Amino acid sequence: MTDRRGDDVKHEPAGTAEIAVPTQEALEAHLAPYAARSAQSRGRRYPEAAPSARTEFQRDRDRIVRSTAFRRLEYKTQVFVNHEGDLFRTRLTHSLEVAQIARSVARNLRVNEDLVEAISLAHDLGHTPFGHAGQDALNECMREHGGFEHNLQSLAVVDDLEEHYGAFNGLNLCFETREGILKHCSRENARRLGALGERFLQGRQPSIEAQIANVADEIAYNNHDVDDGLRSGLLTVEQLAEVELWQTHYETARRDYPQIEGRRLIHETVRRIINTLIVDLIDATRLNLIRHAPASLDDVRSAPALVAHSETVAAQAAALKRFLFKNLYRHYRVMRMANKARRVVVGLFDAFTDDPRLLPPSYQSTDAAQQPRLIAHYIAGMTDRYAVKEYQRLFVIEDN
Ligand code: MG
């Protein structure tokens with residue numbers, strides 16, 4: 001821009017200093033000393049220049065949201081298969097609820113919200129179609145070939161399977177995000193995973209952020225499974241009366257709003273349970289933080305698990321979980337679905353193993369020892385409906 005004399009004029013409006021792009025340190029300056037910090041990350045597998053205008057963990061979150069595996073979560077079963085109804089949770093809405101709960105907890109404890117969000121949104125990326133039934137079936141198929149475990153598969157997705165970037169396979173996420181995704185791991189796999197597996201061998205903890213995402217996962221599914229269980233008619237309000245956590249809040253909701261019933265009363269109850277669990281988690285964790293006084297992320301790793309419910313609420317949450325296991329996850333209609341899912345997964349696996357030429361070329365291997373893992377990657381990546389279609393393409397001869 002020039003003025004009337006033709007001289008260059010710098011166009012700098014008043015107050016520019018205040019709206020200058022903040023550094024990563026400035027964006028995370030409010031965090032507690034025990035929080036994970038982008039600037040102190042243990043880094044990415046392939047070094048990259050620091051991002052501008054966002055932190056390293058924000059960049060991870062952004063990459064996860066834009067991944068193919070993330071979009072597939074919309075069509076993957078949580079408990080109810082996708083076609084059973086439009087209102088049941090899918091892996092996608094489950095992951096969003098986990099992120100929402102985890103962020104609330106993280107903000108209260110002044111730890112890294114961007115990191116908990118990244119971990120929460122990525123934690124189920126490796127799930128097979130058809131929920132746990134799909135994973136169990138694939139694990140059985142892979143028994144002789146190293147097994148199949150959805151945590152490890154989520155890691156495989158972000159480390160290798162996504163094909164988005166010129167310089168590397170996978171999403172090249174930060175160590176701390178990958179650590180949070182790998183919730184469980186056998187000692188055998190831990191040895192194979194190097195730095196990421198170390199904590200399982202040494203009995204150390206992951207970051208507070210990873211611990212929060214883990215408990216938020218449980219809070220989310222315990223509550224939405226009650227909600228979906230009631231919506232589907234597989235559970236009844238009368239049955240739930242035996243669950244203290246439910247009954248306490250059901251009664252207060254009825255007392256506060258005597259005129260409401262049905263879905264509205266259920267929602268009033270569930271939201272109170274979620275709130276109780278979140279507030280208890282924050283309070284009990286705060287006490288643990290005071291007791292152990294971690295001064296750094298490294299102290300968090302050496303301490304016992306710091307993110308936990310109080311004893312009373314932990315027992316109540318465990319009772320709810322047991323109720324769901326007995327009455328919902330083992331309900332005959334859920335078992336029928338699981339049985340069908342097993343047939344599809346095992347059928348696909350066997351057909352591809354018998355003749356790998358039936359696979360899309362990118363999943364065919366010239367190394368016979370590698371072939372089962374590629375088949376597992378292919379099946380794990382499928383959405384519910386894609387798996388059903390693929391099964392029909394392989395086994396059903398249509399006469400039209
Ligand atoms: Mg989950």
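Parameters and conventions
Residues numbered from 1 in each chain as written. Predicted model: local features only at pLDDT ≥ 70, side-chain atom pairs only at ≥ 80, totals over all residues. Heavy atoms only, no water. Helix = DSSP H or I, 4+ residues; strand = E, 2+ residues; numbered from the N terminus. Rg over C-alpha atoms; globule rule 2.2 N^0.38 Å. Buried < 20%, exposed > 50% of the residue type's maximum accessible area, 1.4 Å probe, protein only. Contact = heavy atoms within 4.5 Å. UniProt positions renumbered as here; feature names shortened; annotations may be inferred. Core = buried A, V, L, I, M, F, W, Y, C linked by side-chain atoms within 4.5 Å. Axes fitted to C-alpha atoms, helices over the stretch in contact; angles between N-to-C directions. Parallel < 35°, antiparallel > 145°, perpendicular 65-115°, else oblique. Left-handed = near helix turned anticlockwise from the far one by under 90°. Nonpolar A, V, L, I, M, F, W, Y, C, P; charged D, E, K, R; others polar. Polar contact = N/O pair within 3.5 Å; in protein donor to acceptor, adjacent residues only side chain to side chain. Donors = N, O, S within 2.8 Å, 3.2 Å for Na, K, Ca; no water. 1 Å grid on protein atoms, 1.4 Å probe; cavity = no way out; pocket = protein on both sides within 12 Å on 5 of 7 lines; lining within 4 Å. Points joined across faces, edges and corners; volume = space filled by probe spheres on them.

Caption draft 1: Region of interest: the overall build of the protein chain. Within the protein chain one finds 19 helices and zero strands. On C-alpha atoms alone, the protein chain measures out to a radius of gyration of 24 Å, which is about the 21 Å that the 2.2 N^0.38 rule sets for 400 residues. Taken over the C-alpha atoms alone, the protein chain extends approximately 80 × 65 × 55 Å along its principal axes. Taken across its 400 residues, the protein chain has 51% of its residues classed as buried. Considering only contacts in the protein chain between residues 6 or more positions apart, those separated by 24 or more positions represent 69%.

Caption draft 2: Fine view of the UniProt feature "domain: HD" (unreviewed entry) in the protein chain. According to UniProt, the feature "domain: HD" (unreviewed entry) maps to residues 91-222 in the numbering used here. Taken end to end, residues 91-222 comprises 64% helix and 0% strand; its first and last C-alpha atoms sit 14 Å apart.

Caption draft 3: Focus on the nonpolar core. By size, the foremost hydrophobic cluster in this structure holds 61 residues, and its most contacted members are Val111, Ile208, Ile212, Val226, Leu230, Trp246 and Leu324. Within the residue set of this core, elements represented by two or more residues are helix 4 (91-108), helix 5 (113-122), helix 11 (208-232), helix 12 (237-240), helix 13 (244-256), helix 14 (262-292), helix 15 (297-302) and helix 16 (311-329). Ranked by residue count, the leading element in this core is helix 11, at eleven residues. Beyond its immediate chain neighbours, meaning those up to four positions away, Leu230 contacts Leu235, Thr236, Val237, Leu240, Trp246, Arg263 and Ile266. By size, the runner-up hydrophobic cluster in this structure holds 23 residues, among which are Phe70, Leu73, Leu152 and Phe200.

Caption draft 4: Highlighting the packing of helix 4 against helix 5. Running from N to C, helix 4 and helix 5 cross one another at 160 degrees; their axes reach a closest spacing of 8 Å. When the axes of helix 4 and helix 5 are compared, the pair comes out roughly antiparallel. In terms of crossing hand, the pair formed by helix 4 and helix 5 is right-handed. Contact residues: Ser95, Leu96, Val98, Ala99, Ala102, Arg103, Ala106 and Arg107 in helix 4; Glu113, Val116, Glu117, Ser120 and Leu121 in helix 5. Of the residues belonging to the contact of helix 4 with helix 5, the class tally is seven nonpolar, two polar and four charged.

Caption draft 5: Up close: helix 5. Taking burial as the measure, the ten residues of helix 5 include ten buried ones, the bulk of the element. Burial in helix 5 covers these residues: Glu113, Asp114, Leu115, Val116, Glu117, Ala118, Ile119, Ser120, Leu121 and Ala122. Its buried side turned inward, helix 5 meets helix 2 (56-65), helix 3 (68-72), helix 4, helix 7 (150-161), helix 8 (175-181) and helix 11. Where helix 5 begins, one side-chain oxygen reaches toward the backbone nitrogen of Asp114, 3.3 Å away; that side chain belongs to Asn112.

Caption draft 6: Fine view of the packing of helix 5 against helix 11. For the pair helix 5 and helix 11, the least separation of the axes is 9 Å and the interaxial angle reads 45 degrees. Judged on the interaxial angle alone, helix 11 and helix 5 are oblique. Every pair of crossing elements has a handedness; the one defined by helix 5 and helix 11 is right-handed. Touching Leu115, Val116, Ile119 and Ser120 of helix 5 are Glu209, Ala210, Ile212 and Ala213, all from helix 11.

Caption draft 7: The coordination of the magnesium ion, seen in detail. Protein ligation of the magnesium ion involves His94 (NE2), His123 (NE2), Asp124 (OD) and Asp217 (OD), the donor distances falling in the range 2.1 to 2.6 Å. Between the donor residues of the magnesium ion, the gaps in sequence give the motif H-x28-H-D-x92-D. Accessibility expressed as a relative area gives 6% for His123, which makes it buried. Classification of Asp124 as buried rests on a relative accessible area of 3%.

Caption draft 8: Spotlight on empty space enclosed by the protein. Taken as a whole and assessed by the stated rule, the structure comprises one cavity of 30 Å³ or more. In this structure, the largest cavity spans a volume of roughly 40 Å³. As for the largest cavity, its lining consists of Ile119, His123, Gly180, Lys183, Ala210, Ala213, Asn214 and Asp217. Per element, the largest residue contribution to the lining of the largest cavity is four residues, and it comes from helix 11. Grouping the amino acids of the lining of the largest cavity by side-chain chemistry returns three nonpolar, three polar and two charged.

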